[in-house]
Amino acid sequence: MSSELIVLNKPKSVTSEAIRTLRSNLQFTFVDKKKNVLMVTSSMPGEGKSFISSNLGVAFALTNTKVLLIDCDLRKGRNKSIFKLSTDKGLSDLLLDEVKEYKKYIEKTEVKNLSVLPKGTVPPNPSELLGSNKCMELINLLKSDYDLIILDCPPLNCVTDTLVLTPVIDEAVIVCSYKKTPIELLKSSKKALENANAKIAGVVMNNLDSKSNSYYSEYYK
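From a predicted model like this one, the values you see are computed outputs, not experimental measurements.

Attention now goes to the layout of surface pockets. Looking at the second largest pocket, its volume works out to about 330 Å³. Every residue lining the second largest pocket is counted, 18 residues in all, and those nearest its centre are Pro-45, Lys-49, Asp-73, Lys-76 and Pro-155. Per-element accounting of the lining of the second largest pocket gives the leading share, three residues, to helix 3 (residues 49–61). Tallied by class, the residues present in the lining of the second largest pocket amount to seven nonpolar, five polar and six charged.

Below is the structure:
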């Protein structure tokens with residue numbers, strides 16, 4: 001397993017505790033069992049959305065929740081490397097196949113209850129694939145098999161791939177990076193999701209150093 005899976009490698013760390021707190025907060029939004037598709041996205045590359053997605057998937061799986069993490073970043077998805085999967089096939093290949101064959105493309109991880117559908121072969125038309133009726137059909141089909149589906153989506157201000165998935169999600173989380181994400185860009189991401197009628201569960205601030213915690217605790221008290 002990758003060192004990025006800090007919930008497994010350093011379960012007593014401050015970061016792991018923060019991930020578990022995020023999990024608890026999200027559990028309240030999924031009280032209705034019919035709602036189980038969570039989108040994780042960001043404003044720009046490098047903010048840590050895949051780090052948050054993968055660790056959140058682990059955190060939920062450890063509570064005996066059956067989780068499927070889908071790498072919807074068909075251009076630069078990282079979940080294959082994070083979970084050290086050997087397959088080269090994934091979501092893009094499945095969408096060119098019959099969706100009922102999805103079990104051939106989903107990989108189990110070393111974490112009980114956590115499976116991953118990697119991005120697969122980089123296609124020439126990611127937005128068209130993600131926005132296709134077959135993709136919508138696939139996600140609706142998977143909802144009956146899993147307690148929670150996490151969609152690790154591309155940055156909102158780089159490509160249109162993410163917004164085409166909003167019709168099938170129940171909640172969205174925006175990941176931003178401390179001292180890196182411009183506030184106007186974050187506002188733009190929020191507005192884009194709202195315009196697409198997506199329900200935003202909240203914003204996760206990543207890469208917040210420990211020295212800043214006391215300041216933010218006081219500021220947000």
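Within the structure shown, the criterion is met by zero aromatic pairs. Positioned above the aromatic ring of Tyr-146 is the side chain of Lys-66, whose terminal nitrogen or guanidinium carbon lies 5.1 Å from the ring centre.

Take the side chain of Asp-152 next. Along the chain, the position of Asp-152 falls in strand 5 (residues 148–152). Reaching out from Asp-152, the side chain makes a polar contact with the side chain of Lys-49 at a distance of 2.8 Å.

Right, let's talk about the confidence of the model for the protein for a bit. Mean pLDDT over the protein stands at 90; residues scoring 70 or higher make up 93%. Here residues 214–221 is a poorly scored stretch, pLDDT under 50, and it has three contacts once near neighbours within four places are set aside; other chains count.

Turning our eyes to something else, we now look at the pattern of salt bridges. Taken as a whole and assessed by the stated rule, the structure comprises twelve salt bridges. A salt bridge links Lys-49 to Asp-73, with the shortest nitrogen-to-oxygen separation between them at 3.4 Å. With Lys-49 in helix 3 and Asp-73 in the loop between strand 2 (67–71) and helix 4 (79–82), this pair connects stretches of sequence that are 24 residues apart. Comparing Lys-49 with Asp-73 shows no difference in burial state: the two are buried. Using a relative accessible area of 8% as the deciding quantity, one classes Lys-49 as buried. Each of the salt bridges in this network shares a partner with another, and the network as a whole consists of Lys-49, Asp-73 and Asp-152.

This part takes up unusual backbone geometry. Phi angles above zero are rare outside glycine, and Asn-113 is one such case at about 80°. Mapped onto the elements of the fold, Asn-113 is located in the loop between strand 3 (107–108) and strand 4 (114–117). The class for Asn-113 is partly exposed, based on a relative accessible area of 25%. Positive phi, close to 65°, is recorded for Lys-179, a residue that is not glycine. Examined against the element boundaries, Lys-179 turns out to sit in the loop between strand 6 (171–177) and helix 8 (183–195).

Another aspect to go through is the nonpolar core. Counting residues in hydrophobic clusters, the biggest one holds 35 residues, and the most contacted among them are Ile-70, Leu-91, Leu-117, Leu-138, Leu-142, Leu-151 and Leu-165. Elements that contribute at least two residues to this core include exactly strand 1 (37–42), strand 2, helix 5 (91–94), helix 6 (126–130), helix 7 (133–142), strand 5, strand 6 and helix 8. By size, the runner-up hydrophobic cluster in this structure holds 29 residues, among which are Leu-5, Leu-26, Phe-30 and Leu-148.

Now for the sheet that holds strand 1. An order of 3-4-2-5-1-6-7 is seen for the seven strands of this open sheet, with the pairing classed as mixed. In this open sheet, the two edge strands, each paired with only one partner strand, are strand 3 and strand 7 (200–206). Sheet analysis places strand 1 next to strand 5, joined by four bridges and oriented parallel. Its bridge partner being in strand 5, Val-37 is matched across the sheet by Ile-149. Sitting on the sheet, helix 7 is in contact with strand 1, strand 2, strand 4 and strand 5, with an inclination near 145° to strand 5.

Reading the values: rules and limits
- Residues numbered from 1 in each chain as written.
- Predicted model: local features only at pLDDT ≥ 70, side-chain atom pairs only at ≥ 80, totals over all residues.
- Heavy atoms only, no water.
- 1 Å grid on protein atoms, 1.4 Å probe; cavity = no way out; pocket = protein on both sides within 12 Å on 5 of 7 lines; lining within 4 Å.
- Points joined across faces, edges and corners; volume = space filled by probe spheres on them.
- Helix = DSSP H or I, 4+ residues; strand = E, 2+ residues; numbered from the N terminus.
- Nonpolar A, V, L, I, M, F, W, Y, C, P; charged D, E, K, R; others polar.
- Phe/Tyr/Trp six-rings, centres within 6.5 Å; stacked < 30°, edge-to-face > 60°.
- Lys NZ or Arg CZ within 6 Å of the ring centre and 35° of its normal.
- Polar contact = N/O pair within 3.5 Å; in protein donor to acceptor, adjacent residues only side chain to side chain.
- pLDDT = per-residue confidence, 0-100.
- Contact = heavy atoms within 4.5 Å.
- Salt bridge = Lys/Arg side-chain N within 4 Å of Asp/Glu carboxyl O.
- Buried < 20%, exposed > 50% of the residue type's maximum accessible area, 1.4 Å probe, protein only.
- Core = buried A, V, L, I, M, F, W, Y, C linked by side-chain atoms within 4.5 Å.
- Pairing = 2+ DSSP bridges.
- Axes fitted to C-alpha atoms, helices over the stretch in contact; angles between N-to-C directions.

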